[in-house]
Amino acid sequence: MDLDTDTESPMLHPAANSTRKLKQYFAAISVSLGALCAGTCLAWTSPALAQLSITANSTESFHLTDSQGAAVGGMIAIGALISAIPSGFLADRFGRKNVIFVLSLTFLLNWILIIFAQNVTTLIIGRIFAGIGTGAICVVGPIYIGEIAEKSTRGVLGALINMFLCSGILLTCVFGSFTTWRVLSMILATVPVIFGVSFLFMPETPVYLVKTKNLEKAEKTLIEFRGSNYDINTELKEIQREVEASQQNSASIKDIFTSKANRRAFMSVVAVLAFQQLCGVNAVVFYTVPIFQAAGSSLPPDVVGIIIALVQVLSAYISLLVIEKANRKFYLMLSSVGMLLFLTALGMYFHLKSLNVDIGHLSFIPIGSAVMFMISFSFGYGPIPWLLMGELFAPEIKGVGNGFAIATNWSCAFLVTYFFPIIKSGLGAHVAFYICAGINALATVYVGFIVPETRGKTLLDIQQILNK
């Protein structure tokens, strides 16, 4: 494990160095507000569908059947699949900044439709717009951050997306515990407004400006992000070399598989995004209430959801502090090994319970395992897949590559959402947990042999490693 720290430019005084990094943080936080929007959309169904169910309070203007509720919940995945691949092309065609700003409008439109909804059709249309925004921000957000951050801050800034996503889930769980679904939607509608307004003041990325031959503006943007005391000539020339090299190649889907570097990048990013969903995080989230009940807890479901969301946010914040202290591969493998162990513990507990074995003295296992699983996830497979999306793909395939990766991510999310209840009811929850533990074992081996290390390396360095 490499614990070396990056060497800063000798031309910079500490104060100038802090200033330049502060500007990068502002831009990354602004982009990550899009992930906050996505988190609120993902978590909205938990409190809202309970109130909208057909057995809910009669004061609601309309109710949903179980099948309608499933449709409303699942439409966000459909919307994400619709936007995942095109958003990368659009970011290459119209710019990262323009596409990201438009996403704030799709999130806002989702909440407007939901706030004024009088039937299930309006809710479904709103959720599709939420999915379009969620899928696209997961593609374009990492691209933007990867292209504005210098190598010493890229890990921390890339991890902000995961922390803001978790914060959005927590925000929704907290407000959803004591408000109606319409009031909750009104509160959450303020988030895309803040996102859009803040991002209006953010510049386009230097890489995209170089690609569009706008060298003068690219130079000004680099100075804005690096500070006036920073010699940008070396970095600007490096970006030009990278873009020129990428433009010599066509950006067809075929080139992803014919080029060695592109093929390895594709295999790495798509795999870690698939493992992010297949690792069992949604299985644990879906089964959180039964897990707490198995431990003898009488906490209301809302409180249980807040506890788990809070654990995710705190873990994501801590990961920001340590993510540049060790290699990406180390955190990914530590994460998958940790999830494997705690899923196995959960599986064994519910397996023994299904066999009517007396496990009263082991009541600490389910809650402890669920909490430690979330911590393990948040240190590796929570933030790092988003980070690798911005680091591994060459500029000419970044749009289409990230689109395919996010499409894979959401496809796997759908598979877990669909099959987990079936496996749980047919074979038992312990079988579902054992399957996810096995997938984490596969993920550990795969990352160890296939995924390259990117920490502390320039984007050009990474492409050279991929070509070896």
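Residues numbered from 1 in each chain as written. Predicted model: local features only at pLDDT ≥ 70, side-chain atom pairs only at ≥ 80, totals over all residues. Heavy atoms only, no water.

Participant: I keep staring at the overall build of the protein chain and nothing clicks. Help me out?
Facilitator: Helix and strand counts for the protein chain come out as 21 helices and zero strands. Over its C-alpha atoms the protein chain spans a radius of gyration of 22 Å, differing by no more than 12% from the 23 Å that the globule rule assigns to 468 residues. With the C-alpha coordinates of the protein chain rotated into their principal frame, the extents come out at 65 × 50 × 45 Å. Here the protein chain, with 468 residues, has 55% of them falling under the buried criterion. (Helix = DSSP H or I, 4+ residues; strand = E, 2+ residues; numbered from the N terminus. Rg over C-alpha atoms; globule rule 2.2 N^0.38 Å. Buried < 20%, exposed > 50% of the residue type's maximum accessible area, 1.4 Å probe, protein only.)

Participant: Explain the packing of helix 18 (residues 384-392) against helix 21 (residues 459-466) to me, please; I cannot follow it from the model alone.
Facilitator: Packed helices, taken two at a time, are described by the angle their axes make and the gap between the axes. Two elements in contact, helix 18 and helix 21, have axes whose closest approach is 9 Å; the angle formed by their N-to-C orientations is 85°. Classified by the interaxial angle, the pair formed by helix 18 and helix 21 is roughly perpendicular. Along its contact with helix 18, which presents Gly-390, Glu-391 and Leu-392, the element helix 21 presents Leu-459, Ile-462, Gln-463 and Leu-466. Of the residues contributing to the contact of helix 18 with helix 21, the split by class is four nonpolar, two polar and one charged. (Axes fitted to C-alpha atoms, helices over the stretch in contact; angles between N-to-C directions. Parallel < 35°, antiparallel > 145°, perpendicular 65-115°, else oblique. Contact = heavy atoms within 4.5 Å. Nonpolar A, V, L, I, M, F, W, Y, C, P; charged D, E, K, R; others polar.)

Participant: Could you clarify how one ought to interpret helix 21 in this entry?
Facilitator: Residue pairs three or four apart in sequence face the same way in an α-helix, which turns once every 3.6 residues. The buried fraction of helix 21 amounts to six of the eight residues, a majority that puts the element mostly inside the structure. Those residues of helix 21 not exposed but buried are Leu-459, Leu-460, Ile-462, Gln-463, Ile-465 and Leu-466.

Participant: What is the right way to read a nonpolar patch on the surface from this model?
Facilitator: Taken together, Phe-414, Leu-415, Tyr-418, Phe-419 and Ile-422 make up a surface patch of nonpolar side chains, about 500 Å² in accessible area. Within the secondary structure, Phe-419 is located in helix 19 (residues 395-427). (Patch = residues over 30% accessible without salt bridge, like charges linked within 9 Å, V, L, I, M, F, W, Y side chains within 5 Å. Areas by Shrake-Rupley, 256 points an atom, 1.4 Å probe, with all protein chains shown as cover. Salt bridge = Lys/Arg side-chain N within 4 Å of Asp/Glu carboxyl O.)

Participant: What should I look at first to understand the environment of Met-339 in this one?
Facilitator: For Met-339, the position within the fold is in helix 16 (residues 328-354). On the basis of relative accessible area, Met-339 is assigned to the buried category, the value being 0%. In sequence terms Met-339 and Phe-199 are 140 residues apart; their C-alpha atoms lie 36 Å from each other. Residues within four places of Met-339 in sequence aside, it is in contact with Cys-279, Phe-373, Ser-376, Phe-377, Tyr-381 and Asn-440.

Participant: Mind showing me how you'd approach the side chain of Thr-153 here?
Facilitator: Relative to the elements of secondary structure, Thr-153 occurs in the loop between helix 4 (120-148) and helix 5 (154-176). When its relative accessible area of 2% is taken as the criterion, Thr-153 is described as buried. Not counting the four nearest positions on each side in its chain, Thr-153 is found in contact with Lys-21, Gln-24 and Glu-324.

Participant: How should the nonpolar core be read in this particular structure?
Facilitator: One broad trend across soluble globular proteins is that nonpolar side chains are buried collectively. Core analysis: the biggest nonpolar cluster contains 123 residues, and Trp-44, Leu-123 and Phe-433 have the highest contact counts within it. In contact with Trp-44, not counting residues within four places along its chain, are Leu-52, Val-72, Trp-111, Ile-114, Leu-123, Arg-127, Thr-172, Trp-181, Leu-184, Ser-185 and Leu-188. (Core = buried A, V, L, I, M, F, W, Y, C linked by side-chain atoms within 4.5 Å.)

Participant: I tried to follow unusual backbone geometry on my own but got confused; where do I start?
Facilitator: A negative phi angle is the norm for most residues apart from glycine, just as the trans form is the norm for most peptide bonds. A positive phi angle, close to 65°, is found at Lys-213, a residue other than glycine. Checked against the element boundaries, Lys-213 lands in the loop between helix 8 (206-211) and helix 9 (215-226). Of note in the backbone geometry, Asn-356 takes a positive phi value of approximately 60° without being a glycine. Counting through the fold element by element, Asn-356 comes out in the loop between helix 16 and helix 17 (364-379).

Participant: Would you explain the pattern of salt bridges in this entry?
Facilitator: A side chain with one charge can pair with a side chain of the opposite charge if their charged atoms come near. Per the counting criterion, the structure on display carries seven salt bridges. The shortest N-O distance in the salt bridge between Arg-96 and Asp-92 comes to 2.9 Å. Among the residues examined, Arg-96 registers a relative accessible area of 0% and is labelled buried. Here Glu-147 and Arg-96 are joined by a salt bridge, their closest N and O atoms 2.8 Å apart. In this pair, Glu-147 is assigned in helix 4 and Arg-96 in helix 3 (residues 96-115), connecting sequence segments 51 residues apart. For the pair formed by Glu-147 and Arg-96, the shared burial category is buried. Residues joined in a network through salt bridges with shared partners are Asp-92, Arg-96, Glu-147 and Lys-211.

Participant: For this particular structure, what's the right way to read the packing of aromatic side chains?
Facilitator: Any aromatic ring pair is given by two values, namely how distant the centres are and how the planes are angled relative to each other. In this structure the tally under the stated criterion is ten aromatic pairs. With a centroid separation of 6.4 Å and an interplanar angle of 65°, the aromatic rings of Trp-44 and Trp-111 are classed as edge-to-face. Of this pair, Trp-44 sits in helix 1 (residues 14-52) while Trp-111 is found in helix 3, placing the two residues 67 residues apart along the sequence. Judged by centre distance (5.9 Å) and plane angle (50°), the ring pair of Phe-175 and Phe-178 falls under tilted. With relative accessibility at 26%, the residue Phe-175 sits in the partly exposed group. (Phe/Tyr/Trp six-rings, centres within 6.5 Å; stacked < 30°, edge-to-face > 60°.)

The values are spatial; any link to function lies outside them.
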